[in-house]
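Listed here are the chains, written in short residue letters.
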Amino acid sequence: SFTEQFAVPEAGLFRRGAHYDYYPSDWETGAPSGFTYEKNIAPTIAAGGKVVAKPLSTKDAKTLFCFALMLAEGYEVDLIRKELKQGVSLFACEGWDIFSSEAVVLNPGNEPLVHSKSIGSMKCGIGGPWDLALNTDVFVKAWKRVFSDGRFMDFGWTIKVDPDCVWLPQRFKAQVAMSDPELEFYLNNCNQGLHGPIEVLARGGMLRFYGGIEACLADQTLQDEKSVWGEDVFLRHCLRKLGVSKINDFNMLSEEACFKENPGKTGCFSGKVAFHPFKEWGSYMKCLGQAEQSNGKTTFI
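Bear in mind that the values here come from a model prediction, so they are computed numbers and not experimental data.

Asks: Help me understand the overall build of the protein, please; the structure alone is not making it clear to me.
Replies: Of the regular secondary structure elements, the protein holds 8 helices and 15 strands. Residue pairs in contact within the protein that sit at least 24 positions apart in sequence constitute 67% of those at least 6 positions apart. About 14000 Å² of surface is accessible on the protein, with carbon and sulfur atoms providing 50% of the total.

Asks: What exactly am I supposed to notice about the state of the cysteines here?
Replies: Each disulfide consists of one covalent bond between the sulfur atoms belonging to two cysteines. Under the criterion given, the structure shown has 4 disulfides. The disulfide partner of Cys-66 is Cys-93, and the S-S distance across this bridge is 2.1 Å. A torsion of -80 degrees about the S-S bond marks the disulfide between Cys-66 and Cys-93 as left-handed. Residue Cys-66 is found in strand E4 (residues 64–69), and its partner Cys-93 is found in the loop between helix H1 (75–86) and strand E5 (95–100); the two are separated by 27 residues along the sequence. Each member of the pair, Cys-66 as well as Cys-93, carries the same accessibility label: buried. Disulfide pairing places Cys-268 opposite Cys-287 at an S-S distance of 2.0 Å. Negative torsions about the S-S bond denote left-handed disulfides, and the value of about -110 degrees found for Cys-268 with Cys-287 makes this one left-handed. With Cys-268 in the loop between helix H7 (263–266) and strand E15 (274–275) and Cys-287 in helix H8 (residues 281–293), the pair connects residues that are 19 residues apart, well separated along the chain. Pair check on accessibility: Cys-268 and Cys-287 agree, each one buried.

Asks: Any chance you could explain the sheet that holds strand E12 (residues 198–202) here in plain terms?
Replies: Pairing between the strands of a sheet comes from backbone hydrogen bonds, and it takes one of two forms, parallel or antiparallel. Taken together, 7 strands build an open sheet; the order of strands is E6-E5-E4-E9-E12-E11-E13 and the sheet is mixed. Two strands close off the open sheet at either side, each with one partner strand: strand E6 (117–118) and strand E13 (245–248). As defined by bridge partners, strand E11 (residues 185–188) adjoins E12 across 2 bridges and the pair is classed as antiparallel. The residue of E12 that forms the bridge with Leu-187 is Val-200.

Asks: Sorry if this is basic, but what is going on with the packing of helix H2 (residues 136–149) against helix H6 (residues 231–241) here?
Replies: Relative placement of two packed helices is described by the angle separating their axes and the distance separating the axes. Between H2 and H6, the shortest axis-to-axis distance is 8 Å and the interhelical angle comes to 60 degrees. Between H2 and H6, the crossing angle belongs to the class labelled oblique. Judged by the twist between their axes, the crossing of H2 over H6 is right-handed. Side by side, H2 and H6 meet where Thr-136, Phe-139, Val-140 and Trp-143 of the first sit next to Glu-231, Phe-234 and Leu-235 of the second. Partitioning the contact of H2 with H6 into residue classes produces 5 nonpolar, 1 polar and 1 charged.

Procedures and definitions
Residues numbered from 1 in each chain as written. Predicted model: local features only at pLDDT ≥ 70, side-chain atom pairs only at ≥ 80, totals over all residues. Heavy atoms only, no water. Helix = DSSP H or I, 4+ residues; strand = E, 2+ residues; numbered from the N terminus. Contact = heavy atoms within 4.5 Å. Areas by Shrake-Rupley, 256 points an atom, 1.4 Å probe, with all protein chains shown as cover. Disulfide = S-S within 2.5 Å. Buried < 20%, exposed > 50% of the residue type's maximum accessible area, 1.4 Å probe, protein only. Pairing = 2+ DSSP bridges. Axes fitted to C-alpha atoms, helices over the stretch in contact; angles between N-to-C directions. Parallel < 35°, antiparallel > 145°, perpendicular 65-115°, else oblique. Left-handed = near helix turned anticlockwise from the far one by under 90°. Nonpolar A, V, L, I, M, F, W, Y, C, P; charged D, E, K, R; others polar.

Following this line, the structure appears as structure tokens:
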């Protein structure tokens, strides 16, 4: 079972059997019916359960925690280094992390040095009927590192973005300005189902995913799918199993696999939040410039 533990600072934390709930104030007046007050306790998260975390302030609920997986060699290193230098993509988020198979310097020639975080081997096979990267296990390691680090709990939204995905964090914020990230949901970005270039979970959905990822890994159907599909299919099927709601946001991603868009050929003028793929820095910046000059689309979530 999943046994990651965490502390809830200044929490009114109550227990009824194996179930924990957080109460932000007035706990001194007595526990809710059937609950006993547990002070300074770090609850064990059972498989399929929901992690309990202190509610965010209104300001923090609008913030983004973003991360990417990066191969230790090749074009992804070049893209990430230049994105960091320019302060674009995930580096425009309030919190971010880069994961790789080793600690790669992201800002060579500068002090202090910034490194990617190592999650070990990122090797995966190619297979299935569409010759996809069978990369679920690699991304599971990254999600588990995000969970164990715990930083995501301080932000309203968690976003996994690929290094070659051009995206505009401020435009995303405008789209979800009226949304409540404490609710348990994720954003479906494609008519074919969630696609991996950008994956967005509200904080409530992340807490449910945190508590239930081991249940997903133990599910035989999801296990069998790892030999056919990539990590994005695992993620959306896992979230469905855990009861995390799917909210369609088709103003999120522009790529050929979704709605047969091709921003590499037609430009990045659609007003969407993200555009994929752009593996060369010149084309990446051209797309970013086009996107910044166009008006963003309104999404009601």
